[in-house]
Amino acid sequence: MPYYPETSVIKGLARVTRERRLPPGVVHRRTATGPGAQVSAVTVVLQGDALREYHILDVARALRLRKAGPEQVADLITVAPDQRVRLGQELAARGRGKRAQTLLSPVDGEVVSVDDGQIIVQASERTVEVPAKIPGEVESVENDIVRISGVGAVMQCAWGNGRFFFGAYQFLPEEGFAALRTLDPTISPYRAKMIISPLPIERADLLLAQRQEAAGVVAPSMSASLREFVMGLTFPVILTEGFGRRQPTTLIYRLLHSNMGRQATFDAATPDHWRWERPEIMLPLPAGGTFPETPSVTRALAVGAGVRLTRAPWDGVLAEVVALPPTPQVIDNGLRTQCARVRLPNNREVLVPLANLELLG
Amino acid sequence: MGVEHVNSILVADLGSVHTRLALIDLVEGQYRLIASARSRTTAEPPLGRASLGLDRAAQRMSELIGRRIVDEHGDGLFLMPESEGHGVDAFLATGSAGRPMRVFLVGLTPELSLASGARVLASSFITVTGMLCPDDLRPEEAQINALLTGEPDVILITGGTDDGADDILLALLRRVARALGLIRRGTMPVVLFAGNQALRAHVKALFSPYTTVFTARNVRPALDQEQFVPAQIELALVYDEFRTRSPGGFEAVGRSSQVGVVPTVQGTISTVRYLSALPAPGLGPLCVDVGSANSLLVAGVHGQPHYVVRTDLGVGHSFPAALQAVTPDRLRRWLPAEVGEDALWDYAYNKQLRPATIPATLDDLLIEQALARELVRSLVSSARPDWGQGTGELLPPFGPLIGAGAILTEAPHPGVAAMLLLDALQPVGLADLRLDPHNLIAALGVVAYLKPVATVQALEAGGLVELGTAFCPLGRVKDGRNAMSVEIRQPGEQIIRHMVHGGELWLAPVTPGTRVEVVVRLRRGLSIDGRRRIKRRLVAGAAGLIFDARGRPLALPRGAERARRLTAWLKAAMGGHLPEPAPVADDAELRPAPRDFAAPDPGARLAALAESPTWDEEGEDALLP
């Protein structure tokens, strides 16, 4: 019976299609592109408003008209529903000169109601702009979903801090982050570049990257205790494997190494099981006249497939499926579960639960 | 098709990690579980189609029983009705996958209507975003913000006795309607009204211009009367609609199911209600289900189900939140080895990233089992005040005790599953331990909506795994001292005599299904049902017979003794054999040193499998190999 494992796309050349949506809690304002449009990684394709709290403003009280009813203040109101207003903008006014009374907007936002002598303004926290994140062509626009297709090397990762960068990258030297301590940030080769660290990172490493004005950091893993700190950083941090001291997936770092000098998109999306974005790195590449295939995420596991092992003791190791026993097998900890027999890079064959395999898309 | 002609019923449960299918059919005039199958749930991106996983599970089941189930040519998911040995007569679905439904609760008084509303909500996978009642002292602006900024999917309105005073509730509802009128963009919540029936028309008139209005019978028709079931059924319809609107492709599943997608917990509640009606010693059944994202506990107390659902506690998607709730220190009490707090958090977040993975090492398995124990203890603590039974930390005499969720049902050995239930629930006296590996409890609960006789008969036919009876005396005995003298007589076999010492767990080696006579003599200070000598005729379960002389309340050892004792318990639960891990190869053999990424790849064949080209940096268009 076929088994369909999770698929991680780590591919040297692929045609990728990505959907761009507004984050939760953000309402759509404008779609800034259309089908067939060519977009760069930083082209804004969607705009929305992160709306926040409501402010109920009593016009009569603000204008010191204690005995005035709603009808009497209606003529003094200078805004209308759906109107966008800025902090301090006049909403209602009475009189002129020194004795004038005005009601000013307490926030940037939108007038949602003018009724019964009250103005209700909903604050707008900020305008949210969603970039294309991959260079390519807009395939379709449906409501507030924009589908973009591009070609390049794709490396799906494990975790990110929600930031994004498009630009060049640089591998760390053998000494690791320690080598950055003595560099002058103004002439540092890491300035405005993503730093690729094949070793797990620590807080001090991130502070050094910040001091070097790096564009961000890619590393296999870090302690989960750094999550909050990293979420507060203004540059992207991408973990290729996860948390703790985890070994890198060789293939990701080889792909990055073999494409040194090129620019890449570093989408440090914070994973959410119910959202479409996954943290990923994409190296836009010319197709060379070919039409690369779109990675499949619905392939069944088969003998000969290349897989990544996702749990200890072989987490991050790439292996090849050599057999798929039809019945459940007992693994080291006594659990009885469906397994695959895989060949590790040292040619040793081991049993691994099917649930702990990822197909490489 | 009329219900009377329904013979075969296929029930699906769409869990966060697994989609399970159970086929109930008529065999020799009795309904029973025929087959079960499961597949990975495919509701999450990038697949985003729950029906795909359902189809895979159905294909698996078809192969198992040689009966075509999937409708490969028609519009539906399944071949219906059953014909010539293929297809099924009915399809029903429960679900717990997906984001919990956000609900804002509106009522008249915190002690009455809001409390009743909260009890209705406990029957589903819900996050309460806030509450509002006339006593609320916040300014109107703050009240409106509390209602709207939580972005609720549903507003549940309770309050007022039938035909009682309505002015205050109406004034409150006008305020809520005004708030809904402010929503210009974004999602409009639906309204479920389960209050004073005299206000139904007013409620519809107030809210219909803005949103869909569901109504149910009053949860509190009189001050001294509560009725939850009608509101819970309506809430299930609201949940189905919410799921239909949510990402994940639940719509196709809900369309095929005769009851939509019912929250799994409602199925469990329904079955516990039936089990409570069966003659059995004790208060009633207690069922715990530890899932990846959610956990629930449903207990029957004198025929009435009481339940707790936690959408933030689970051993997969919700591992970090669960660890936060139970605290690393409490979890570590169950680990023989010292594991640092940081390592636990790393584990928690990695598990959240890949919730479908399973522990492959003993250390990892013990961490997940430790969390499962503490989650169940936490559920018991939350549920206990509602039971009105028992004192202190001791569990009231529930029976049977049923465990569900893969962490319990797929333990390495039935003895380990039994030990986990004993550790987590700490029952006193004779405990009847069972497992629900096929998710039958929730499935049969929704079957009861369609054909109650099928639920009763399938339960009697025994779709649950009987782990065995556990003897758990009350009291304490010093470690190592004689605690329980056990004598087991089985037909045609030698009498088994064994002394269980204080602090020990012993699983008697009796073949499952064997009828035995057990005599237990307890040391002074220990008792079962107030007696020191117990004689019982029993049938051994999958774990044999279990004798727990660790005392109640269970005192966990500390320091170095902890490692020794927990290992001894695990060894006893595994039937005397601890798993031996195979040696792990040197890391250097498996992965190149970081500086070697530019060097030729020793695993080049693997890299080739992923089609990684190297690029000519000078050329504009490199050619693919």
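Note that this is a predicted model, so its numbers are computed, not measured.

Chemist: Please explain the packing of aromatic side chains as it appears in this structure.
Modeler: Working definition: an aromatic ring pair is given by the centre-to-centre distance plus the angle between the planes. Under the definition given, this model contains twelve aromatic pairs over all chains. Relative to F266 of chain A, the ring of F165 of chain A has its centre 6.4 Å away and its plane inclined at 25°; by these criteria the two rings are stacked. In this pair, F165 of chain A is assigned in strand β14 (residues 164-171) and F266 of chain A in strand β18 (residues 263-267), connecting sequence segments 101 residues apart. Comparing F165 of chain A with F266 of chain A shows no difference in burial state: the two are buried. Relative to F547 of chain B, the ring of F471 of chain B has its centre 4.9 Å away and its plane inclined at 15°; by these criteria the two rings are stacked.

Chemist: Quick question: what am I supposed to make of the domain arrangement of chain B here?
Modeler: Interfaces are often sized by the accessible area lost when the parts come together. All names here are of chain B. Each assigned domain of chain B is listed here: domain 1 (3-95), domain 2 (101-245) and domain 3 (265-573). On a C-alpha basis, the centroid separation for the pair domain 1 and domain 3 is 30 Å. Counting residues at the interface gives 24 residues for domain 1, matched by 24 residues for domain 3. In this assembly, domain 1 packs against domain 3 so that about 2000 Å² is buried in total across both faces, 67% of it on carbon and sulfur atoms.

Chemist: Mind showing me how you'd approach helix α2 (residues 110-121) of chain B here?
Modeler: Note on helix geometry: an α-helix contains 3.6 residues per turn, so any two residues three or four positions apart are oriented the same way. Residues and elements named next belong to chain B. Within the span of α2, buried status applies to S113, L114, S116, G117, V120 and L121. Down the axis of α2, the sector holding all buried residues measures 150°, keeping them to one side. Buried residues along α2 sit in contact with β5 (101-106), β6 (126-132), β7 (154-157) and α6 (229-245).

Chemist: Could you clarify how one ought to interpret the pattern of salt bridges in this entry?
Modeler: Opposite charge on two side chains permits them to pair, given that their charged atoms come into close proximity. Residue and element names in this part refer to chain B. Per the stated rule, a full pass over the model turns up 52 salt bridges over all chains. In this structure, the salt-bridge partner of E140 is R178, at a minimum N-O distance of 2.9 Å. Here R178 lies in helix α4 (residues 167-181) and E140 lies in helix α3 (residues 140-148), a separation of 38 residues in the sequence. Looking at R178, the relative accessible area reads 25%, which means it is partly exposed. The residue E374 makes a salt bridge to R330 at a minimum N-O spacing of 3.2 Å. Residue E374 is found in helix α12 (residues 362-387), and its partner R330 is found in helix α10 (residues 328-332); the two are separated by 44 residues along the sequence. Residue E374 is classed as buried on the basis of its relative accessible area, which comes to 3%. R330 sits in the partly exposed class, given a relative accessible area of 37%.

Chemist: When you look at the nonpolar core in this model, what are you seeing that I'm missing?
Modeler: Grouped burial of nonpolar side chains is what soluble globular proteins tend to show. Residues and elements named next belong to chain B. Among the nonpolar cores identified, the biggest contains 91 residues, and L286, W387 and L433 are the most heavily contacted of them. Ignoring anything within four residues of it in the chain, the contact list for W387 reads L286, L297, A299, V301, H306, V380, L395, P396 and F398. Ranked by size, the runner-up nonpolar core spans 52 residues in total, among them F125, A194, A443 and A454.

Chemist: Any chance you could explain the domain arrangement of chain A here in plain terms?
Modeler: Splitting chain A by domain gives domain 1 (6-43 + 132-284), domain 2 (50-126) and domain 3 (306-360). Each of domain 2 of chain A and domain 3 of chain A was reduced to a C-alpha centroid, and the two centroids are 65 Å apart.

Chemist: Please clarify how the pairing of strand β26 (residues 357-360) of chain A should be interpreted in this entry.
Modeler: Two faces make up the sheet, and in a regular strand the side chains alternate between them. Residues and elements named next belong to chain A. Neither face of β26 is open: one carries L357 and L359, the other E358 and L360, and all of them are buried. Pairing between strand β1 (residues 6-8) and β26: three bridges, direction parallel. Looking at the pairing, E6 lines up with E358 of β26. Bridging between strand β20 (residues 306-309) and β26 involves three bridges; their strand directions are antiparallel. By the bridge assignment for β26, L309 is matched with L357.

Chemist: Just checking my understanding: could you explain a positive patch on the surface for this structure?
Modeler: Together, R61, R64, R66, R94 and R99 of chain A give the surface a local cluster of positive charge. Looking at R61 of chain A, the relative accessible area reads 67%, which means it is exposed.

Chemist: Which parts of the structure should I look at to understand the sheet that holds strand β21 (residues 533-539) of chain B?
Modeler: Strand pairing in a sheet is mediated by backbone hydrogen bonds. Such pairs are either parallel or antiparallel. Residues and elements named next belong to chain B. What the four strands build is an open sheet, ordered β18-β17-β20-β21; its pairing is antiparallel. Only two strands of the sheet have a single partner each, and these edge strands are β18 (496-501) and β21. The sheet shows a mean angle of 20° between the axes of neighbouring strands, direction not considered. Bridge count between strand β17 (residues 482-489) and β18: six bridges; the pairing is antiparallel. In the strand pairing of β18, S485 is matched with M499.

Chemist: Would you take a moment to explain the sheet that holds β5 of chain B for this structure?
Modeler: Residues and elements named next belong to chain B. Across the sheet, which stays open at both edges, the five strands sit in the order β6-β5-β7-β8-β9 with parallel pairing between neighbours. Among the strands making up the open sheet, the edge pair consists of β6 and β9 (213-215). Strand-to-strand, the axes of this sheet are offset by a mean angle of 25°, without reference to chain direction. Bridging between β5 and β7 involves four bridges; their strand directions are parallel. Counted as the bridge partner of V106 is I157 from β7. Sitting on the sheet, α6 is in contact with β5, β7, β8 (190-193) and β9, with an inclination near 170° to β8.

Chemist: Quick question: what am I supposed to make of the packing of helix α15 (residues 440-450) of chain B against helix α16 (residues 452-460) of chain B here?
Modeler: A pair of packed helices is captured by two measures, namely the crossing angle of their axes and the spacing between those axes. In contact at an axis separation of 6 Å, α15 of chain B and α16 of chain B are set at 145° when each is read in the N-to-C sense. Contacts between α15 of chain B and α16 of chain B pair L444, V447, A448 and L450 of chain B from the former with P452, A454, T455, A458 and L459 of chain B from the latter.

Chemist: Explanation requested: unusual backbone geometry in the structure shown.
Modeler: Peptide bonds are trans in most cases, and residues, glycine excluded, mostly fall at negative phi. With omega at 10°, the peptide bond leading from A312 of chain A into P313 of chain A counts as cis. Following the sequence through the fold, P313 of chain A ends up in the loop between β20 and β21 (318-323). With omega at -5°, the peptide bond leading from R552 of chain B into P553 of chain B counts as cis. On the secondary structure map, P553 of chain B appears in the loop between β22 (545-548) and α17 (559-573). Of note in this structure, E213 of chain A is not a glycine but carries a positive phi near 55°. Secondary-structure assignment places E213 of chain A in the loop between α3 (203-211) and β16 (216-222). Phi is positive for N347 of chain A, close to 75°, though the residue is something other than glycine. For N347 of chain A, the location among the structural elements is in the loop between β24 (339-343) and β25 (349-353). N347 of chain A gets classed as exposed once you look at its relative accessible area, which sits at 58%.

Chemist: Can you help me understand the packing of helix α9 (residues 319-326) of chain B against helix α11 (residues 341-353) of chain B in this one?
Modeler: Residue and element names in this part refer to chain B. Where α9 meets α11, the axes come as close as 7 Å, and the angle between the chain directions of the two elements is 145°. Residues F319, P320, L323 and Q324 of α9 lie in contact with α11, whose contacting residues are L344, W345, Y347, A348, Y349, K351 and Q352. Per-class residue counts for the contact of α9 with α11 are eight nonpolar, two polar and one charged.

Conventions used here
Residues numbered from 1 in each chain as written. Chains lettered and ligands numbered in written order. Predicted model: local features only at pLDDT ≥ 70, side-chain atom pairs only at ≥ 80, totals over all residues. Heavy atoms only, no water. Phe/Tyr/Trp six-rings, centres within 6.5 Å; stacked < 30°, edge-to-face > 60°. Helix = DSSP H or I, 4+ residues; strand = E, 2+ residues; numbered from the N terminus. Buried < 20%, exposed > 50% of the residue type's maximum accessible area, 1.4 Å probe, protein only. Domains from an automatic or database assignment. Contact = heavy atoms within 4.5 Å. Buried area = accessible area lost by both parts, 1.4 Å probe. Arc of directions from axis to C-beta. Salt bridge = Lys/Arg side-chain N within 4 Å of Asp/Glu carboxyl O. Core = buried A, V, L, I, M, F, W, Y, C linked by side-chain atoms within 4.5 Å. Pairing = 2+ DSSP bridges. Patch = residues over 30% accessible without salt bridge, like charges linked within 9 Å, V, L, I, M, F, W, Y side chains within 5 Å. Areas by Shrake-Rupley, 256 points an atom, 1.4 Å probe, with all protein chains shown as cover. Lys, Arg positive; Asp, Glu negative; His and termini not counted. Charge placed at Lys NZ, Arg CZ, Asp CG, Glu CD. Axes fitted to C-alpha atoms, helices over the stretch in contact; angles between N-to-C directions. Nonpolar A, V, L, I, M, F, W, Y, C, P; charged D, E, K, R; others polar.

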